[in-house]
Amino acid sequence: MITNKQLSDKLKEFEKVIQKKYSRKSKRERKKNKRNWKTYEEQYMLHIKEAMRELEPLLKEASNIRIINKRGKKFQLTPKQKTTILLIKHLMRKTNRPMAGMLCLFSLLSGINVGYKTIERLYSDDEVEIVMHNLHILLLNKKNVRKIDSTGDATGYSLTIRKHYATEMQKLKEKGKKNDGRKKKKHFVFSFMLMDLKTKMYVCYGTSFKSEKEAFDRAMQMLKKLDIEIQSVRLDKYYSCRSYVDKFSGSKVYIIPKINATIRGSPNWKKVLKEFIDDTMNFLKEYYQRENSESGIARDKKMFGWKVGQKREDRVDKAMFATTIWHNLLLL
């Protein structure tokens, strides 16, 4: 049994003492496990080569589909070829015209020569969407992702080179966090990724032009379609409220309660608060595994950029799905 006073006292102690103490401790541990940059590039290239070797047979299996009574213009490319082009384009960070030019140059070897409009349409192609979904499932099955301890985080991608997401969000914070919904919708897309801690693979994702909440909700809709059980989940302070904790009923939830939190709520909410109060340091040890989400997103942005080259919502979503596929491929 816990009280609001116990919770309030623990949150005050956390803000003044515990958080700083844990931060110093984790900083010392990170120094011990510092990355070896001498071998980083070599390991990176090995991952790329392994991913390309795995991609061919996986794509062959994932593209074994048939769509009946499909309307519209008939593509000269197979579902496997279309998905391959989209994924390679995403990996190389090419726009439509340069990618079409590259295909033209290598058409003698590949037999593929299409225009930039054809490449643009791949982002809204039903067959490509099905193949990418199948490929995502195959990648998770290959690593036996079934019952997972997970971590989730959201970020933003720019839709224009003139606006950098992190810089613009910092400006908004400095201006008193003024909420200009039109500005966000016009220039940025929100993305939420749920990661399996054991394999570091993305299990599901969601995107939204509107908010982190909508991106999270879409990720949860995708999760419902997968045969995956969440044993535990770690989320940042944005999700530190009863409604989000209740979405993971039956799972262990690690969040830092907001300073004005109360014990009023579901049994699952009270269970989270009790564990936070009774065993704070071990609770934080679990919670701060969220760093895996942050580092995963940072790697993705370094590899694929902080800008999405699409504008339509369905095509932006497909671009983010391509990032998810490559992230998981590189972990095989």
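Residues numbered from 1 in each chain as written. Predicted model: local features only at pLDDT ≥ 70, side-chain atom pairs only at ≥ 80, totals over all residues. Heavy atoms only, no water.

S.K.: How should unusual backbone geometry be read in this particular structure?
M.R.: What you tend to see is this: most non-glycine residues have negative phi, and most peptide bonds are trans. The backbone of Arg93 sits at a positive phi, close to 55°, despite the residue not being glycine. Unlike most non-glycine residues, Lys200 shows phi in positive territory, near 65°. For Lys200, the location among the structural elements is in the loop between strand E2 (188-196) and strand E3 (202-208). (Helix = DSSP H or I, 4+ residues; strand = E, 2+ residues; numbered from the N terminus.)

S.K.: Whenever I open this one, the sheet that holds strand E1 (residues 147-158) confuses me. Can you help?
M.R.: Strands pair in a sheet through their backbones, by hydrogen bonds, and they do so in one of two ways: parallel or antiparallel. Within the open sheet, the 5 strands sit side by side as E3-E2-E1-E4-E5. Their pairing is mixed. At either end of the open sheet lies a strand with only one pairing partner, and these are E3 and strand E5 (252-254). Averaged over all neighbouring strand pairs, the angle between strand axes comes to 25°, with direction disregarded. Bridge count for E1 against E2 is 9 bridges, and the pairing is antiparallel. (Pairing = 2+ DSSP bridges. Axes fitted to C-alpha atoms, helices over the stretch in contact; angles between N-to-C directions.)

S.K.: Help me understand helix H15 (residues 313-329), please; the structure alone is not making it clear to me.
M.R.: Think of an α-helix as turning once every 3.6 residues; residues three or four places apart then point the same way. In this model, H15 (17 residues) spans 25 Å end to end at C-alpha, consistent with the 24 Å of a helix rising 1.5 Å per residue. Judged by how many residues are buried, H15 sits mostly within the fold: 14 of 17 residues are covered. (Expected span 1.5 Å × (residues − 1). Buried < 20%, exposed > 50% of the residue type's maximum accessible area, 1.4 Å probe, protein only.)

S.K.: Whenever I open this one, the packing of aromatic side chains confuses me. Can you help?
M.R.: A ring pair, where both rings are aromatic, is described by two values, the distance of the centres and the angle of the planes. Enumeration over the complete set of coordinates arrives at 11 aromatic pairs. Relative to Tyr239, the ring of Phe192 lies with its centre 5.7 Å away and its plane at 70°, an arrangement referred to as edge-to-face. Pair noted here: Phe192 is in strand E2 and Tyr239 is in the loop between strand E4 (229-234) and helix H11 (242-246), with a separation of 47 residues, a long-range link. Through pairs of rings, three or more aromatic residues link up here, namely Phe192, Phe216, Tyr238, Tyr239, Tyr244 and Phe248. Sitting over the face of the ring of Tyr157, Lys301 holds its NZ or CZ atom 4.9 Å from the ring centroid. (Phe/Tyr/Trp six-rings, centres within 6.5 Å; stacked < 30°, edge-to-face > 60°. Lys NZ or Arg CZ within 6 Å of the ring centre and 35° of its normal.)

S.K.: What am I meant to see in the confidence of the model for the chain here?
M.R.: Any residue range with low pLDDT should be treated as having predicted coordinates unsuitable for detailed reading. Per-residue pLDDT for the chain averages 84, and the proportion of residues at 70 or more is 81%. Below a pLDDT of 50 lies the segment residues 176-185, which in the model reaches 10 contacts outside its immediate sequence neighbourhood of four places, other chains included. (pLDDT = per-residue confidence, 0-100. Contact = heavy atoms within 4.5 Å.)

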